[in-house]
Amino acid sequence: MKYDVVAERTKRTKWYQEARFGMFIHWGLYAIPARGEWVRSNECMPKEDYDPFINEFTTEHYDPKEWAKLAKKAGMKYAVLTAKHHDGFCLFDSKYTDFKSTNAPCKRDLVAEFLEAFRAEGIKVGLYFSLIDWRHEDFPHYKDKFHPMRNNEAFKGKEHNMDRYNEFMHGQVKELLTNYGHLDLMWFDFSYDNMKNETWKAEELMEMVRSIQPHLIIDNRLEGSAEDAGSIRSLNPTTYSGDFASPEQMIPPKGIKDVAGNPIPWEACITLNNHWGYHSTDSHYKTAKMVVRTLVDCVSKGGNLILNVGPDGTGRIPKESVRILEEVGEWMDENNLSIYGCGAADFPKPEWGRFTQNGNKLYAHVMEEQVGAVCLPYMAGKVGKMRMCKDRSEVLETFFWNLQEFREHAFFFFDKHASDCYPLPDEIDTVVEIEIKNEKE
Ligand code: GLC
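Everything numeric here is computed off the predicted structure, so don't read it as measured data. Position numbers for residues start from 1 in each chain and track the written sequence from start to end. This being a predicted model, a pLDDT of at least 70 is required before a residue's local features are given, and a value of 80 or more before pairs of side-chain atoms are given or counted; all residues contribute to the totals for chains, interfaces and linings. No hydrogens and no water enter the side-chain calculation; it runs on all heavy atoms of the structure.

Peer 1: Help me out: how do you make sense of the sheet that holds strand β3 (residues 124–130) in this one?
Peer 2: Strand pairing within a sheet occurs via backbone hydrogen bonds; the two strands may be parallel or antiparallel. A pair of strands is considered paired only if DSSP assigns at least 2 bridges between the two. Working definition: helices are DSSP H or I runs of at least four residues, strands are E runs of at least two. Numbering for both runs from the N terminus. Reading across the sheet, the seven strands line up as β5-β4-β3-β2-β1-β7-β6 and stay open at both edges, with parallel pairing between neighbours. Because the sheet does not close on itself, it has two edges, and the strands there are β5 (217–218) and β6 (267–271). Bridge count for strand β1 (residues 21–25) against strand β7 (residues 304–309) is five bridges, and the pairing is parallel. Across the sheet, Phe-24 pairs through a bridge with Asn-308, a residue of β7. Here helix α7 (residues 162–179) sits on the sheet and contacts β2 (78–84), β3 and β4 (185–189); the angle it forms with β3, its principal contact strand, is near 165 degrees. Any two residues whose heavy atoms approach within 4.5 Å are treated as being in contact. The angle between two axes is taken between their N-to-C directions and runs from 0 to 180 degrees, where each axis is a line fitted to C-alpha atoms and a helix contributes only its stretch in contact.

Peer 1: What am I meant to see in a negative patch on the surface here?
Peer 2: Together, Glu-327, Glu-330, Asp-333, Glu-334 and Asp-391 line one region of the surface with negative charge. Mapped onto the elements, Asp-391 comes out in the loop between β11 (383–388) and β12 (410–412). For Asp-391, a relative accessible area of 43% gives the class partly exposed. Grouping into patches uses exposed residues only, defined as over 30% relative accessible area, and leaves out salt-bridged ones; the cut-off is 9 Å for like charges and 5 Å for nonpolar side chains (Val, Leu, Ile, Met, Phe, Trp, Tyr). Throughout, the Shrake-Rupley method with a 1.4 Å probe supplies accessible areas, and for residues the shown protein chains are the sole cover considered. We define a salt bridge as a contact between a side-chain nitrogen of Lys or Arg and a carboxyl oxygen of Asp or Glu at a distance within 4 Å. A positive count includes Lys and Arg, and a negative count includes Asp and Glu. His and the chain ends are not counted in either. Lys charges are placed at NZ, Arg charges at CZ, Asp charges at CG and Glu charges at CD. Between buried and exposed lies partly exposed: a residue is buried under 20% and exposed over 50% of the maximum accessible area for its type, with that area taken using a 1.4 Å probe on protein chains only.

Peer 1: Please clarify how empty space enclosed by the protein should be interpreted in this entry.
Peer 2: Rolled over the atoms, a probe sized like a water molecule indicates the empty space that remains. In this analysis the probe radius is 1.4 Å and the grid spacing 1 Å, with only protein atoms considered; a cavity is a set of points the probe fits into but cannot get out of, a pocket is an open set with protein on both sides within 12 Å along at least five of seven lines, and lining residues have an atom within 4 Å of a point. Grid points are joined across faces, edges and corners, and a volume is the space filled by probe spheres set on the points. Evaluated as defined, the whole model comprises four cavities of 30 Å³ or more. Taken as a whole, the second largest cavity holds about 80 Å³ of empty space. What lines the second largest cavity is a set of 13 residues, among which Asn-273, His-275, Tyr-285, Gly-310 and Pro-318 lie closest to the centre. Its residues placed into classes, the lining of the second largest cavity shows six nonpolar, seven polar and no charged. Under the scheme applied here, ten amino acids are nonpolar (Ala, Val, Leu, Ile, Met, Phe, Trp, Tyr, Cys and Pro), four are charged (Asp, Glu, Lys and Arg), and all others, including Gly, are polar.

Peer 1: Explain the site of the ligand here, please?
Peer 2: Any residue with a heavy atom positioned within 4 Å of a molecule or strand is treated as near that molecule or strand. Lining the immediate environment of the ligand, one finds 13 residues, of which His-26, Glu-37, Trp-38, His-85 and His-86 sit closest. Between the ligand and His-85, the relevant distance is 2.8 Å, taken from an oxygen atom to a side-chain nitrogen or oxygen of the residue. For the ligand, whose free accessible area comes to 310 Å², the fraction covered by protein is 94%. Looking at side-chain class alone, the shell around the ligand contains six nonpolar, three polar and four charged residues. In protein, a polar contact requires one atom able to donate a hydrogen and another able to accept it; more generally it is a pair of N or O atoms within 3.5 Å, and residues adjacent in sequence count only if both atoms are side-chain atoms.

Peer 1: How should I be thinking about the pattern of salt bridges in this particular structure?
Peer 2: It is possible for side chains bearing opposite charge to pair when their charged atoms get close. On inspection of all chains with the given rule, the structure shows 22 salt bridges. The shortest N-O distance in the salt bridge between Lys-47 and Asp-51 comes to 3.4 Å. Lys-72 is paired through a salt bridge with Glu-121; the nearest N and O atoms lie 3.7 Å apart. Within this pair, whereas Lys-72 is found in helix α5 (residues 64–73), its partner Glu-121 is found in the loop between α6 (110–120) and β3, the two being separated by 49 residues in sequence. On the basis of relative accessibility, which here comes to 22%, the residue Glu-121 falls in the partly exposed class.

Set out below in structure tokens:
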């Protein structure tokens, strides 16, 4: 029987599509130069200048239990750590390289500790793994699009053996899948030009992944990137097309659908400031309000949000990030019914905010104060019980005198006595749960 890629994908991603909110963690040696995880490539830095950072990787403040508590407090249901980024430095004890955290002064398997701590908090765990490795000698250097040595004539004409590279790369993936227990997700990153698909021996890699951990959810970057989702959007996706699309640093205006218009799972990955890896002078952080609204926007379009933190070289999550996540957590505490298990609504986007929906529960996310009553467009006769999400208190449909001419719509006030304007109860996003009446009722 032909393996049904789409049916399997739907089954596998059930928990993931209900979870909606995750934590991304970009951590590695690049936290020490502190100019982002692309520092080697951006500055065309030779290996000899980058490698010594390993001697400073002390991680004395790495307390994954604290990280896990923070993620939980923020309402995040899964977390993904960079087991290895493009620089090739492993946060785990790989037998294929010396360039790993167990050889740094910290002498720790940071991946193992992360997995244990997050699992203990009931958070699903995933690992980011770079398909690209700028440190491996068989990975193309000269004239590659991104390699730090791309312009260095000394590497001109050097042979790179992709078979050997893939043996190494597949070997590391296998280590992660066999030595670290049950994983929920693998985040491969990324493909470009001809560095995609069978260049990675993707079919074989996926066979291995599925044979070891069949339930595992993977992203779509064995084929693609944020620039090109790959065949996940086609009606005949490859076996390595992935379980979700991965738009980056933007929210798809209309969600993501396949070519026939069926929604497919997707996850927007977004940084809290402007960098993934720790950047010591980047202080342009998103506010908690912006994070909440971005999350709601994703859910209202049937997608997930994975929000990044970039710990410093000592293992601390920047305190600005901690504060923002705690504030997001306060909102999630009161309003998470409007996020978990929710997706796109059966009603069009309202002018004052967003709708999310879970079965017959519609969540009105009111983000802008209105002049007078809040309008539920064309919903007259469809509205059952209404409750504030945060305390289950009653919200009444209103038939106020100035609404008589607009009876095709339904309306409500937050003010129990109606009609004065006053600030929204929650200026981040005030959520009302609306029971949708069954047509026959
Ligand atoms: C990119 C970058 C990278 C980052 C990733 C996260 O493709 O190469 O540094 O890890 O996106 O989505």
